[in-house]
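Survey of secondary and tertiary structure
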Amino acid sequence: MSATPAPATVSAALRAALLDVSPVTVGSVPDLGRAVFVGSGDSLASGLVATGFGHRALSAGDVTWSETLPAACDTLVGISHSGTSGATVRALRMARTAGLKTVAITSQASSPLADSADEVQLVPALRVEEVVPCAGHVMLAQGVAAVCGVDTSPFNRALAKSLDGIRVAVEAQVGALPDSGPAAMSVLSLPELCSGADFWVLKLIEACGIAVRGVPLEESGHVDYFIGPEQHLTLQLIGPHGRPRFDRLAEALRTTGQTVVQVDAGELTDPDVPDAAVLRDIATAVAGTWFAHGAALRWGRPPFRGGAVNMDAKHIKLDS
């Protein structure tokens, strides 16, 4: 594996990229009605931002490969940075053929996804070198918020301003981890951080090659207490709500021999920014990416296992 950039270098590069591009602006998106946002992987995590506005988010593959459009859906919104994710393009084509309104969120105006949509919400591409990537999600999540009617114009500068604080918080959390990797991990959250929490799960799997699952806070309280003394790491992503419940559960899990790390997402961004809840979710995703990278290095598990993983992504790209 090539030399890994220092955290401060990564933070500076992302900050420069955020300040170098134009903000995401709302395009000519129609009334969504009852919308379903579809994507795969990082893009699906971006789509989960829409659930905070009363919409649904589904895996594009669940639509495409079952050949069944979601029930009670007026608008299908496809999310793909490249605009070539096979399942997402096919889902949008299915919806358009069926007479639904279709919207594409992408950074590529000339792409199969954009060509398959009635309306296109473009997002800028951040020019930044990353080992474990989050830049695409940062912009796609803003695109989802814009489609839902959020003024995202302050987001790039607000997030750029927060990055050094996020880096310092993540370095402290990584430094508190056990010296060896766990057998598995759980990521706990309330719905206010569902997009960021899902991104933590994805990045921890990618970077560390360890089984990770996302768990609603209350369900973890009902089940995880029984995991026992095996090497299990529980990460609690804590927003503005539910802190006493998180603390009580952490105490219970520690009595069974588990390691619990609490991440205070409320401290990652400026709470006075308009639509701070969306920005907090995006900042949480950035923190998760850097945490996953740091954990992988701490545990001697180089991201993507030192080049052993085929990264050409042909298995998910559009083939026709």
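Just so it is clear, the model here is predicted, and its values are computed rather than measured.

**Section: the overall build of the chain**
When its secondary structure is counted, the chain shows eleven helices and nine strands. Rg of the C-alpha trace for the chain: 19 Å, near the compact-globule value of 20 Å for 320 residues, within the 12% margin. If you line up the chain on its principal axes, its C-alpha atoms span 55 × 45 × 40 Å. When the 320 residues of the chain are sorted by exposure, 50% land in the buried category. Counting every atom, the chain has about 13600 Å² of accessible surface; 54% of that belongs to carbon and sulfur.

**A look at the nonpolar core**
Membership of the largest hydrophobic core comes to 74 residues, with the highest contact counts inside it found for Phe37, Leu126 and Leu204. Top contributing element to this core by residue count: helix H11 (residues 276–298), with twelve residues. Ignoring anything within four residues of it in the chain, the contact list for Leu126 reads Leu14, Ala17, Leu18, Val21, Ala135, Val138 and Met139. Counting 16 residues, the second-largest nonpolar core is a separate cluster that includes Ala60, Leu76, Ala104 and Leu318.

**What to know about the pattern of salt bridges**
A full pass over the atoms with the stated rule returns twelve salt bridges. Linking Asp164 and Arg167 is a salt bridge whose minimum nitrogen-to-oxygen distance equals 3.8 Å. Of the two residues, Asp164 and Arg167 are both situated in helix H7 (residues 155–175); the distance of three residues between them amounts to about one turn of the helix. Here Arg243 ties to Asp247 by a salt bridge, and the two come within 3.1 Å at their closest N and O atoms. Of this pair, Arg243 and Asp247 both sit in helix H10 (residues 243–255), four residues apart, which is roughly one turn of that helix. Since its relative accessible area comes to 33%, Arg243 is described here as partly exposed.

**Here we look at the environment of Ala35**
Relative to the helices and strands, Ala35 resides in strand S1 (residues 35–39). The class for Ala35 is buried, based on a relative accessible area of 2%.

**Side note on the side chain of Lys203**
Within the fold, Lys203 resides in helix H8 (residues 194–208). Classification of Lys203 as buried rests on a relative accessible area of 0%. Side-chain polar atoms of Lys203 contact the backbone oxygen of Pro133, separated by 3.1 Å. With near-sequence residues (within four places) excluded, Lys203 lies in contact with Asp42, Val132, Pro133, Cys208, Gly288, Thr289 and Ala292.

**Regarding the packing of aromatic side chains**
Applying the stated criterion across every chain, the model contains two aromatic pairs. Their ring planes at 35 degrees and their centres at 5.0 Å tell us that Trp200 and Phe291 sit as a pair that is tilted. Note that Trp200 is positioned in helix H8 and Phe291 in helix H11, a separation of 91 residues in sequence. With respect to class, Trp200 is no different from Phe291; both count as buried.

**A look at the environment of Gly61**
Tracing the sequence through the fold places Gly61 in helix H3 (residues 60–64). Note on Gly61: relative accessible area 14%, which makes it buried. For the pair formed by Gly61 and Thr88, sequence separation is 27 residues and the distance between their alpha carbons is 7.2 Å. Excluding residues that lie within four positions of it along the chain, Gly61 makes contacts with Ser66 and Ala87.

**A short note on the sheet that holds strand S7 (residues 211–216)**
In space, the four strands of this open sheet follow the order S7-S6-S8-S9, with parallel pairing throughout. One side of each edge strand has no neighbouring strand; the edge strands of this open sheet are S7 and strand S9 (259–264). Ignoring which end each strand starts from, the neighbouring axes of this sheet average 20 degrees apart. The sheet contact formed by strand S8 (residues 232–238) and S9 spans six bridges and is parallel. Counted as the bridge partner of Ile238 is Asp264 from S9.

Conventions we followed
- Residues numbered from 1 in each chain as written.
- Predicted model: local features only at pLDDT ≥ 70, side-chain atom pairs only at ≥ 80, totals over all residues.
- Heavy atoms only, no water.
- Helix = DSSP H or I, 4+ residues; strand = E, 2+ residues; numbered from the N terminus.
- Rg over C-alpha atoms; globule rule 2.2 N^0.38 Å.
- Buried < 20%, exposed > 50% of the residue type's maximum accessible area, 1.4 Å probe, protein only.
- Areas by Shrake-Rupley, 256 points an atom, 1.4 Å probe, with all protein chains shown as cover.
- Core = buried A, V, L, I, M, F, W, Y, C linked by side-chain atoms within 4.5 Å.
- Contact = heavy atoms within 4.5 Å.
- Salt bridge = Lys/Arg side-chain N within 4 Å of Asp/Glu carboxyl O.
- Polar contact = N/O pair within 3.5 Å; in protein donor to acceptor, adjacent residues only side chain to side chain.
- Phe/Tyr/Trp six-rings, centres within 6.5 Å; stacked < 30°, edge-to-face > 60°.
- Pairing = 2+ DSSP bridges.
- Axes fitted to C-alpha atoms, helices over the stretch in contact; angles between N-to-C directions.

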